[in-house]
Amino acid sequence: MKNILFAFILLTATVTVAQTPGEATIAEKFQELITSSNNFKGYKVVDTDQLTTLQELTSNRIIELKEEIGSSKEALKSRDAKIATLEAELENLKEQLATLSAEKDEIAVLGMSLSKATYNTLMWSIVGVLVLALALFVVRFKKSHIHTAEARKNLAEVEKEFDAYRAKSLEKEQRLGRLLQDEKNKQLKVAK
């Protein structure tokens with residue numbers, strides 16, 4: 001009974017010592033047991049109480065390590081699940097970013113979605129065609145204006161010539177009319 005009581009006190013003291021931060025390692029405890037044991041005919045004689053205490057200490061440490069390994073595995077599983085969740089969320093965010101980038105790069109024109117590059121090309125093409133049409137219109141207008149000015153000048157010359165011709169014709173007609181009247185008058189005088 002004394003041995004059991006002594007072993008229990010020793011075990012409690014050993015477990016208490018094993019739980020303190022400055023505890024000796026299991027290897028140190030084995031070394032202490034070997035050095036404190038007696039030699040008998042080349043063999044070491046070990047105190048069974050100390051050996052039992054060391055066995056319990058070792059078993060307790062193995063249990064603690066298994067619990068640490070189990071909790072580490074749980075923490076690892078939890079982290080793996082969290083990483084998988086974050087990777088899925090990252091993929092979702094990448095897809096949203098791609099969608100937003102595509103939407104940002106598109107412009108709706110007349111109900112059609114066009115990329116900004118296509119829109120810019122289309123708009124500058126339309127502007128270029130309009131500028132070209134304007135330049136063509138201006139050139140044709142200038143040519144037409146030149147032809148119109150020339151036609152007006154020719155018309156003015158023709159009108160002057162026509163007025164001169166009319167004046168000459170009128171003058172000629174008046175002269176011929178006088179001549180005719182003179183002849184008529186001569187004829188009347190002769191007939192009388």
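Residues numbered from 1 in each chain as written. Predicted model: local features only at pLDDT ≥ 70, side-chain atom pairs only at ≥ 80, totals over all residues. Heavy atoms only, no water.

A look at the overall build of the chain
Item 1. Counting its regular elements, the chain contains four helices and four strands.
Item 2. The long-range share in the chain, meaning contacts at least 24 apart out of those at least 6 apart in sequence, stands at 36%.
Item 3. Of the roughly 17,000 Å² of accessible surface on the chain, 63% is carried by carbon and sulfur atoms. (Helix = DSSP H or I, 4+ residues; strand = E, 2+ residues; numbered from the N terminus. Contact = heavy atoms within 4.5 Å. Areas by Shrake-Rupley, 256 points an atom, 1.4 Å probe, with all protein chains shown as cover.)

What to know about the packing of aromatic side chains
Item 1. Enumeration according to the criterion identifies one aromatic pair in this entry.
Item 2. Plain terms: the ring middles of phenylalanine 137 and phenylalanine 141 are 6.4 Å apart, the flat faces sit at 25 degrees to each other, and that makes the pair stacked. Here the residue phenylalanine 137 and the residue phenylalanine 141 both occupy positions in helix H4 (residues 116-191), the gap between them amounting to four residues, near one helical turn. Each member of the pair phenylalanine 137 and phenylalanine 141 is classed as exposed. (Phe/Tyr/Trp six-rings, centres within 6.5 Å; stacked < 30°, edge-to-face > 60°. Buried < 20%, exposed > 50% of the residue type's maximum accessible area, 1.4 Å probe, protein only.)

Some points on the pairing of strand E4 (residues 112-115)
Within a regular strand, side chains alternate between the sheet's two faces.
Item 1. In the sheet, strand E3 (residues 106-109) pairs with E4 via four bridges, with the strands oriented antiparallel. Bridge pairing in E4 links isoleucine 107 to leucine 114.
Item 2. Hairpin geometry of E3 and E4 is characterised by an intervening segment of two residues between the two adjacent antiparallel strands and by a positive phi of about 55 degrees at leucine 110. (Pairing = 2+ DSSP bridges.)

Brief notes about the packing of helix H2 (residues 26-36) against helix H3 (residues 48-104)
Item 1. H3 packs onto H2 with a crossing angle of 170 degrees between their chain directions and a minimal axis gap of 11 Å. Comparing their axes, H3 and H2 come out roughly antiparallel. Along its contact with H2, which presents Ile26, Lys29, Phe30, Leu33 and Ser36, the element H3 presents Gln50, Leu51, Leu54, Leu57, Thr58 and Arg61.
Item 2. For the contact of H2 with H3, the per-class residue count stands at six nonpolar, three polar and two charged. (Axes fitted to C-alpha atoms, helices over the stretch in contact; angles between N-to-C directions. Parallel < 35°, antiparallel > 145°, perpendicular 65-115°, else oblique. Nonpolar A, V, L, I, M, F, W, Y, C, P; charged D, E, K, R; others polar.)

With respect to the pattern of salt bridges
Item 1. Inspection of every chain in the model, using the stated rule, returns three salt bridges.
Item 2. The residue arginine 61 makes a salt bridge to glutamate 64 at a minimum N-O spacing of 3.2 Å. Of this pair, arginine 61 and glutamate 64 both sit in helix H3, three residues apart, which is roughly one turn of that helix.
Item 3. Judged by relative accessible area, which is 31%, arginine 61 ranks as partly exposed.
Item 4. Assessed through its relative accessible area of 33%, glutamate 64 is described here as partly exposed.
Item 5. Aspartate 163 is paired through a salt bridge with arginine 166; the nearest N and O atoms lie 3.5 Å apart. Of the two residues, aspartate 163 and arginine 166 are both situated in helix H4; the distance of three residues between them amounts to about one turn of the helix.
Item 6. Aspartate 163 sits in the partly exposed class, given a relative accessible area of 44%. (Salt bridge = Lys/Arg side-chain N within 4 Å of Asp/Glu carboxyl O.)

Quick look at the confidence of the model for the chain
Item 1. Mean pLDDT over the chain works out to 84, with 88% of the residues at or above the 70 mark.
Item 2. Every residue in residues 15-22 scores below 50 in pLDDT, and together they form five contacts with partners more than four places removed in sequence or on other chains. (pLDDT = per-residue confidence, 0-100.)

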